[in-house]
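Here's the letter readout for the chains.
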Amino acid sequence: TGYIRKYFGVPVQSSAAMSTVLLAFIDSLGVQDRVKFVDSYATAPCWQKALACKAEMEPSYGNATLHTEQLAAVDVVFMSCGASDCKNVNAQKNGVNVPVSQEAGPVESAEYIKYIAAFFNLEPKAK
C-alpha cells in the first residue's frame, strides 16, 4: 500500500543510481553509458572515471538545488524507500524503488537484475 503507479518510456536513455549496490547490475547489463549520476562511493573503474567526469550525485543533505536538478535531469532514478515508508520514492516523479539491500539474502537480491533490465529493454540479457 502507499505506492504510486508511474509510467516510463522504455528503453530509458538516462538514469541515476542512488546506491552503489545497483551499479553491479548496471555493469552486468552493459548500460553504464545511460547512467548520468552515481553515488560518490562507487569504486569500480568505470564508475571512478564517471565520477572524475562530474557524474557524482549530489547527496540529499548537500546542495538541495543541485540535487533536485540532477534528479530531474534523468528518465529514471533507481532508489530505495525510506526505513518506514516510500514517501521519498513517491515524491520523486521519476523515482523507482529498488530495495536490493533489503532482501533476505544474495539469491533474492540477484533477482533485481531482471527488474532493472526491464527499464532498458534487456530482459533476455538478465537471465
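Structure shown above.
The numbering scheme is per chain: residues are counted from 1 as the chain's sequence reads. The predicted nature of this model means local features are confined to residues of pLDDT at least 70 and side-chain atom pairs, given and counted, to a pLDDT of 80 or more, with totals for whole chains, interfaces and linings taken over all residues. Side-chain metrics rest on all non-hydrogen atoms present in the structure, leaving aside hydrogens and water.

Asks: Quick one: what's the story with the overall build of the chain, residue by residue and with numbers?
Replies: Every helix listed is a DSSP run of H or I at least four residues long, and every strand listed is a run of E at least two residues long, numbered separately from the N terminus. When its secondary structure is counted, the chain shows six helices and four strands. Each helix and strand of the chain, placed in order from N terminus to C terminus, yields the pattern β-α-β-α-α-β-α-β-α-α. Throughout, the radius of gyration refers to the C-alpha atoms, and the reference size of a globule is 2.2 Å times the residue count to the power 0.38. Its C-alpha radius of gyration of 14 Å places the chain within 12% of the 14 Å reference for a compact globule of 127 residues. Evaluated residue by residue, the chain yields a buried proportion of 41% over its 127 residues. A separation of at least 24 residues holds for 43% of the contacts in the chain among residues at least 6 apart in sequence. Positive and negative charge centroids in the chain, built from 11 and 12 side chains respectively, lie 6 Å apart. Note on classification: 1.4 Å probe, protein chains only; a residue is buried when its accessible area is under 20% of the maximum for its type, exposed when over 50%, partly exposed between these limits. Here a residue-residue contact requires only that any non-hydrogen atoms of the pair lie within 4.5 Å. A positive count includes Lys and Arg, and a negative count includes Asp and Glu. His and the chain ends are not counted in either. Note on charges: their place is set at NZ of Lys, CZ of Arg, CG of Asp or CD of Glu.

Asks: Pulling in residues and values, what's your account of the layout of surface pockets?
Replies: The definitions used throughout rest on a 1 Å grid laid over the protein atoms alone, on which a cavity is an enclosed set of points accommodating a 1.4 Å probe that cannot get out and a pocket is an open set flanked by protein within 12 Å on both sides along at least five of seven lines; lining residues are those having an atom within 4 Å of a point. Grid points are joined across faces, edges and corners, and a volume is the space filled by probe spheres set on the points. Here the largest pocket defines a volume of roughly 250 Å³. Around the largest pocket, the lining residues are A17, M18, D39, S40, Y41, M57, E58, P59, S60, Y61 and H67. Residue composition of the lining of the largest pocket, grouped by class: six nonpolar, three polar and two charged. Considered as a void within the structure, the second largest pocket measures approximately 210 Å³ in volume. Per-element accounting of the lining of the second largest pocket gives the leading share, three residues, to strand β4 (residues 95-97). Basically, the charged four are Asp, Glu, Lys and Arg, the nonpolar ten are Ala, Val, Leu, Ile, Met, Phe, Trp, Tyr, Cys and Pro, and anything else, Gly included, counts as polar. Split by residue class, the lining of the second largest pocket holds nine nonpolar, three polar and one charged.

Asks: Quick one: what's the story with the packing of aromatic side chains, residue by residue and with numbers?
Replies: Two aromatic rings from Phe, Tyr or Trp, using only the six-membered ring of Trp, form a pair when their centres are within 6.5 Å; if the ring planes differ by under 30 degrees the pair is stacked, by over 60 it is edge-to-face, and anything between is tilted. As enumerated under the stated definition, the model contains five aromatic pairs in all. When the ring of F78 is compared with that of F120, the centres are 6.1 Å apart and the planes differ by 45°; the resulting orientation is tilted. On the criterion of sequence distance, the pair formed by F78 in strand β3 (residues 76-79) and F120 in the segment after α6 (112-119) is long-range, its members being 42 residues apart. One exposure class covers both F78 and F120, and it is buried.

Asks: Hey, could you go over the pattern of salt bridges for me, with residue numbers and the actual values?
Replies: Here, a salt bridge means any Lys or Arg side-chain nitrogen found within 4 Å of an Asp or Glu carboxyl oxygen. As enumerated under the stated definition, the model contains one salt bridge in all. In this structure, the salt-bridge partner of E111 is K114, at a minimum N-O distance of 3.0 Å. Given the relative accessible area of 40%, K114 is considered partly exposed.

Asks: Go over the environment of Q32 with me, naming the residues and quoting the values.
Replies: One can find Q32 in the loop between α1 (23-29) and β2 (35-38). Separated by 73 residues in the primary sequence, Q32 and G105 have C-alpha atoms spaced 25 Å apart. If near-sequence neighbours (up to four positions away) are discounted, Q32 is found in contact with I26, D27, C46 and W47. At a separation of 3.2 Å, a polar atom in the side chain of Q32 contacts the side chain of D27. Think of a polar contact as two N or O atoms within 3.5 Å of one another; within protein, one of them needs to be a possible hydrogen donor and the other a possible acceptor, and neighboring residues in sequence only count if both atoms come from side chains.

Honestly, it's all geometry; don't read function into it.
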